[in-house]
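Survey of secondary and tertiary structure
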Amino acid sequence: MTLKSYTGGLLVAMLIFAQGAYADKWSDQFPHIKNTGDIPGACSYEATSKKDYSGKTLTISTHAVPVMGEPTALHAEQFSKLTGATVDVVHSPAGDLYSKAMVPFQAGQAPYDIVFGFSNFIRDWMQYLAPVPDKYVNMPQMQDVTKAHQGVASWDGQMYQFPVDGDRHYLKYRKDVIDNPEYQKKYKADTGRTLKVPTTWKEYGEIAAYFNGWDWDNDGELEYGSAEVMKKDDLMYAAFFSRSASYSKNPRTPGGFYFDLETMEPLINNPGFVEALGDWVEATKYVPPGGINFGLGDEINSFGGGQTLFSFSWDDAFVAAMEDGSPIKNKVGAAPLPGAERVWNREDGSWDIGHNQAPYIVWGWAVGVAGKSTNQDMAFDYLCFFANGANHRADIAIGRFGVNPFKKSDFDPQIYIDHQGWDPLIAKSYAATIVGMEEFNTNRVFPLRVPGVFQFTSAVAVGTSKALAGQLSPQEALDEVAAEWNKILDRVGKDVVREAYAVGVKLEDNIN
Amino acid sequence: MNFKHKFAFLFPGLFVLIGILIFPIGFMIRLSLSSWDTFYPGLDFIGIENYVRLFTDDSRFWESFFRLSFLSVTTVSLQYIIGFSLALMVWRDIIFKRFFRVLFLIPMMTTPVIMTVIWRTFFHESLGPVNDILSIFGIAPPWLTNEHLAKVTIIIVEVWQWTPFMFLLLLAGLLSLPKEPFLAASVDGAGPIRKFIYVTFPLMAPISIGAIIIRLIEASKIMDTVYVLTSGGPGTSTETSSYYIFVKGLREFQFGYSAALSFTYLIIMIISLTIISKLLVKLLIKK
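Residues numbered from 1 in each chain as written. Chains lettered and ligands numbered in written order. Predicted model: local features only at pLDDT ≥ 70, side-chain atom pairs only at ≥ 80, totals over all residues. Heavy atoms only, no water.

**Comments concerning the interface of chain B and chain A**
- Contacts between the two partners involve 37 residues from chain B, matched on the other side by 34 residues from chain A.
- Between chain B and chain A, the buried area comes to about 2,900 Å², and carbon and sulfur atoms account for 51% of it.
- Of all residues in chain B, the largest losses of buried area upon contact with chain A belong to B:Thr38, B:Phe39 and B:Arg251, amounting jointly to 21% of the total for that side.
- Our enumeration of links across chain B and chain A arrives at 2 salt bridges. (Contact = heavy atoms within 4.5 Å. Buried area = accessible area lost by both parts, 1.4 Å probe. Salt bridge = Lys/Arg side-chain N within 4 Å of Asp/Glu carboxyl O.)

Spelled out as structure tokens, the structure:
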């Protein structure tokens, strides 16, 4: 072997090794980022290690382990090792996060430097949060965040929540069933319809009902049509808005999805929402036994465990299904939420016929720094470190972490193929689904972000759960919700709610 | 001795009483007269507006109250019957008496929330072991998703958790009974049933009333079981007063209104439990 060929071979081997392992001094110390190594940036491991917060203590209120609680604690430990800071992490159930922060906020105290919650808390929390400083807003890491999620984290152009997570609802389905030629033939023979990824909620219901209650994956267990979040007070209202968006978000009638912005009349009981609730009541027939008591965890376990054909909600169920060790890895597909064959036109008081689809950029995890915190610099550095390139890339690969794509760079399917072993077709459909919702669709619905948002969503949960339980018809249930919404408007003040709602409507109506 | 000095000795107890009882109740009453919520934090004064809303425009609270009454009375009655039976069983000289006495107390020693999570797993309709076993017989009851059965499930969990408390009080009562009346009954030729009806039960009446009232007070606060098992669903079919107050206060952050609900609930409970205890005394303790 000549020296030239030896050197050439060595170089090729080094390149291959460097490409495959990404090892660097940081990934040796922090195995969490072993797939990528440190990724350069203002808050990279390298940059963060140059800060010295020895003797200082950062206190964080976050969710219980694992969803968001686990990455918070993990990055706290890493941050502590890198900077010498002491980081105390306090975990609470999801339902307590709001009051855990709000009670001291209202009392003028700051027991927590950083508070985790949901992005739709923003209107209630923003007056107690420190705005995200310009140096973070303008850095390349933040510029990579999609416009939609910058909007979700901001209030009227001012960013109050540091983006660490991106959320949207989309359809997840069993690709091995829907693409199976035998089942396609059987479905056609039995129903006269074509088996395909559903593009309307009616198709979703028909296919789910057909595949309900029999062993279609031959594992000796019964499978069911759909897993959905139907448990009262457990995020069910978000599932209802997902089902309602296509029936009620009419691109020809801007000016409000939840309320008519001009009159502040609740739209929640219009025929679009009623049709969606009617579909949802039907869905109780094709969910697994006990399905109307399924919370988010049950939905993730049910679909991720291969129990159902369909599911729709946050990314977690999809990522869990695609993790190593999942029985259905590379057997699932992602697609936009189903649409509707008609959409309610509230101006004409009639249905507009034609396919309509509206993505729901649902609220997700959000985090802010308390305005009264005396450690704001350290707190923002921690958040910036949390969401740095290497941590983010590693976090989105772990379903239980609850960290989902919100950066433009997340939409490259190659990262899921290279680092997570996803089938290329699935990775491409996943990336195309989320990029389509984030960047291209202009008929999006954003979460309700108004004062006292919990009162409004709680009323929706109570009303819709009565309909699912058969206590009221869909129309009666939503009339009850609308009446409750009117009472809340009277209490909080129509103008106060309108002013806040207008900010969300601007996002929905694509007004910059 | 200076007369005023005597009162100085009352101050420590008085301060404790004011700190842990009078002040919280006073603050709750004041809070109930305010509109404190997410958007308007502070003790403004809105008069009895919250109470007017409660009595004229909140059927959900009253429905939850009647549901609570049903659940409390049913669970406590079952706890009393089962607890008394178990106490009678281990009161006698049976084999492994000590073992059973400890065994029957175990549910009470466990943490209610954790046990309810375990019960929820048991009753999970598609993944839980209860329906797995029942499916052998071709049945799979919708434990948590049928509005009637969900109540039954809550009753099962509550009875399992708190019967040992009733058992403990009643066993203590049985062990403290005098032996003479039983000897006299035996001399008169009374059998076990007659002895129970004419001796044991009447002698146990004061203890029974105490145990029932204590359990009714506790049962009227059913919250964690509902929260974990059903979140008040399906629909509102298992929502109880305390769960509803929790939702209004800590979920919807309507502090002022939830204080009005709490105070009203407190008054109703004081009145109804006083009436119940008087009725029980009249019924069970014959002059």
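Now that the structure has been shown, the text picks up again.
**Observations regarding the pattern of salt bridges**
Residues and elements named next belong to chain A.
- What the rule picks out here adds up to 29 salt bridges over all chains.
- Here Arg 193 makes a salt bridge to Glu 206, at a shortest N to O gap of 3.1 Å. Of this pair, Arg 193 sits in the loop between α11 (181-191) and α12 (201-210) while Glu 206 sits in helix α12, placing them 13 residues apart in sequence.
- Overall, Glu 206 belongs to the partly exposed group, its relative accessible area being 31%. (Helix = DSSP H or I, 4+ residues; strand = E, 2+ residues; numbered from the N terminus. Buried < 20%, exposed > 50% of the residue type's maximum accessible area, 1.4 Å probe, protein only.)

**What about the sheet that holds strand β7 (residues 170-174) of chain A?**
All names here are of chain A.
- The strand order across the open sheet formed by 4 strands is β8-β9-β7-β10, and the pairing between neighbours is mixed. Among the strands making up the open sheet, the edge pair consists of β8 (224-227) and β10 (332-335). Taking the axes of each pair of neighbouring strands and ignoring which way they run, one obtains an average angle of 20 degrees across the sheet.
- Each of β7, β8 and β9 (308-313) touches α12; the most contacted strand, β9, lies at about 150 degrees to it. (Pairing = 2+ DSSP bridges. Axes fitted to C-alpha atoms, helices over the stretch in contact; angles between N-to-C directions.)

**A word on the sheet that holds strand β1 (residues 57-63) of chain A**
Residue and element names in this part refer to chain A.
- Taken together, 5 strands build an open sheet; the order of strands is β2-β1-β3-β13-β4 and the sheet is mixed. The two strands at the open ends of the sheet, each matched to only one other strand, are β2 (86-92) and β4 (129-130).
- Where β1 meets strand β3 (residues 114-118), 2 bridges bridge the pair, whose relative direction is parallel. The partner of Ile 60 across the bridge, within β3, is Ile 114.

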